[in-house]
Amino acid sequence: MSQALMPTYARADLAFERGEGPYLYTADDRRFLDFAAGIAVNSLGHSHPHLVEALTKQGAKLWHVSNLYQIPDGARLAERLAENSFADRVFFSNSGAEAMEGALKLARKYHHARGNPERFRVITCSNAFHGRTMTTLSAAGNPKYLEGFGPEPEGFDHVAFGNMNELRAAITPETAAILVEPVQGEGGIRPASVEYLRALREVCDEYGLLLIFDEIQCGMGRTGKLFAHEWAGITPDVMALAKGIGGGFPMGAFLATEEAASGMQPGSHGSTYGGNPLAMAIGNAVLDVMLEEGFLDQVQKTGDLLKSRLEALVAANPHVFEEVRGTGLILGLKAVTANVEIIAALREQGLLTVGAAENVIRILPPLIIDETHVEEALAALERVCASWPETGSDGAA
């Protein structure tokens, strides 16, 4: 690794030269099945022909003009997202953290515009992850990521994920919104129950709060519906997106109802690069594929197959894994021994995965995988399990 790079990443000693579909290739042509997908980013795999065409075509015409001017592809993408969601308004950013910052600003601005500037606090959940900016770190409240960066920004009250009694008790006259991931990703692949999501909607309606969903990792088709909250049959007031929305191109967005966005007037928020023509062309191309008839049905079908195969693997190898978590193609294996060791062993077998909290290994393949890729991944997992030492009751091998 270059000594000029800031050492903030524990990188694997592995570099890739090209990718195709769900596979990555090194310069010496070693092939890896990518079930990390850039941490749920490469939603359509690598070098998807429709995305390559969109990138090439737009790249030859225009990359950036700024939001001082009309960007027709941005207007089109916003309209398509609104048509296929609860939202009326869309703001484009460059990342998930920026999308979350915008969503949180919107919540405060909404109450300020209604004559309630004292309502600025947001209730968030334990084990959450909302980004790496100071505000989003404070929103999650994870000591691991906050250490050394204090004092943290004020305005967040943390409650246990899934606990409505604790959440209700945290509501005060200063509360503006509730922020939840429908499926916690970094926190260990922990899906919220349908009942919990519905209860969140009810309590927000009861107290006049905005409901914000962070679907940066679990949205854009990853659960088998375009957005994870759709499974509960309810809608938020605000939603943050990123990762899969650009299929590998840096892009984020926050979406809102007309009412929730009523305080966001000219000059209230902005981004130099957000919504640039290159990003918008690719975003539209991603949506072209995801909205094709049968695409999300296939994600559901493949996700069900993968989960059932993982459950059988866990049952047969209790010395390696404790349980399977998640839904669709956002799945996790809770490991018995250190997840980083198993991730490294899987990498040696040609399968790429990514870690998460609670000793979980995230399984985040591109949404375009099929049964053959599921079986290939399971074969790698089975090889690792077969070679993994059994431990006794005292933990010794």
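Just so it is clear, the model here is predicted, and its values are computed rather than measured.

Q: Even after reading the chapter, I still don't get the overall build of the chain, so can you show me in this structure?
A: Looking only at helices and strands, the chain features 12 helices and 17 strands. Relative to a compact globule of 397 residues, whose C-alpha radius of gyration would be 21 Å, the chain shows 21 Å and is just as compact. Overall size of the chain, expressed as C-alpha extent along the three principal axes, is 65 × 55 × 45 Å. By residue count, 52% of the 397 residues in the chain fall in the buried class. Here the contacts in the chain between residues at least 6 apart in sequence split such that 72% fall between residues at least 24 apart. Summing over all exposed atoms, the chain offers an accessible surface of approximately 17900 Å²; the carbon and sulfur share of this is 51%.

Q: Hey, could you run me through the sheet that holds strand β14 (residues 330-335) in this one?
A: Pairing between the strands of a sheet is mediated by backbone hydrogen bonds and can be parallel or antiparallel. Spatial strand order, β13-β14-β17-β16: 4 strands in an open sheet with antiparallel pairing. Strands with a single pairing partner mark the edges of an open sheet, and in this sheet they are β13 (321-327) and β16 (354-356). Across the sheet, the mean angle separating the axes of adjacent strands is 30° when strand polarity is ignored. Sheet topology note: the β14/strand β17 (residues 360-363) ladder contains 4 bridges and is antiparallel. Residue lysine 334 lies in a different strand from β17, and its bridge partner there is valine 360. Across the sheet, helix α10 (residues 295-316) lies against β13, β14 and β17, angled at about 170° from β13, the strand it touches most.

Q: What should I look at first to understand the sheet that holds strand β2 (residues 23-25) in this one?
A: With mixed pairing, the 4 strands of this open sheet are ordered in space as β1-β2-β3-β15. At either margin of the open sheet sits one strand with a lone partner, and together these are β1 (18-20) and β15 (351-352). The pairing of strand β3 (residues 31-34) with β15 spans 2 bridges and is parallel. Pairing of leucine 33 across the sheet is with leucine 351, part of β15. Contacts from helix α12 (residues 371-387) reach β2, β3 and β15, with the element oriented near 105° to β3.

Q: Hey, could you run me through helix α9 (residues 277-290) in this one?
A: Since the α-helix packs 3.6 residues into each turn, any two residues three or four apart lie on the same face. Its 14 residues place the ends of α9 20 Å apart at the C-alpha level, agreeing with the 20 Å of an ideal helix rising 1.5 Å per residue. Counting buried positions along α9 gives 13 out of 14 residues, so the element sits mostly inside the fold. Of the residues flanking the start of α9, the one acting as N-cap is asparagine 276, its side-chain oxygen 3.1 Å from the backbone nitrogen of leucine 278.

Q: How do you make sense of the side chain of arginine 362 when you look at a structure like this?
A: Of note, arginine 362 is situated in strand β17. One polar contact links arginine 362 to glutamate 186, side chain to side chain, over a distance of 2.9 Å. In terms of polar contacts, arginine 362 uses its side chain to reach the side chain of glutamine 217, at 3.2 Å. Dropping the residues within four chain positions of it, arginine 362 is found in contact with Phe35, Ile39, Gly185, Glu186, Ile189, Gln217, Leu331, Gly332, Thr353, Val354, Gly355 and Ala356.

Q: How should the packing of aromatic side chains be read in this particular structure?
A: Aromatic ring pairs are described here by two measures, namely the spacing of the ring centres and the angle between the planes. Overall, the coordinates contain 4 aromatic pairs when judged by the stated rule. Judged by centre distance (5.2 Å) and plane angle (25°), the ring pair of phenylalanine 91 and phenylalanine 254 falls under stacked. Placement of the pair is phenylalanine 91 in strand β4 (residues 89-93) and phenylalanine 254 in strand β12 (residues 252-256), with a sequence separation of 163 residues. Centroid distance phenylalanine 129 to tyrosine 145: 5.5 Å. Interplanar angle 70°. Geometry classified as edge-to-face. Taken together, the positions of phenylalanine 129 in the loop between β5 (121-125) and α5 (134-140) and tyrosine 145 in helix α6 (residues 143-146) put the pair 16 residues apart, joining distant regions of the chain. Take phenylalanine 129: its relative accessible area is 21%, and that puts it in the partly exposed class.

Definitions and cut-offs
Residues numbered from 1 in each chain as written. Predicted model: local features only at pLDDT ≥ 70, side-chain atom pairs only at ≥ 80, totals over all residues. Heavy atoms only, no water. Helix = DSSP H or I, 4+ residues; strand = E, 2+ residues; numbered from the N terminus. Rg over C-alpha atoms; globule rule 2.2 N^0.38 Å. Buried < 20%, exposed > 50% of the residue type's maximum accessible area, 1.4 Å probe, protein only. Contact = heavy atoms within 4.5 Å. Areas by Shrake-Rupley, 256 points an atom, 1.4 Å probe, with all protein chains shown as cover. Pairing = 2+ DSSP bridges. Axes fitted to C-alpha atoms, helices over the stretch in contact; angles between N-to-C directions. Expected span 1.5 Å × (residues − 1). Polar contact = N/O pair within 3.5 Å; in protein donor to acceptor, adjacent residues only side chain to side chain. Phe/Tyr/Trp six-rings, centres within 6.5 Å; stacked < 30°, edge-to-face > 60°.

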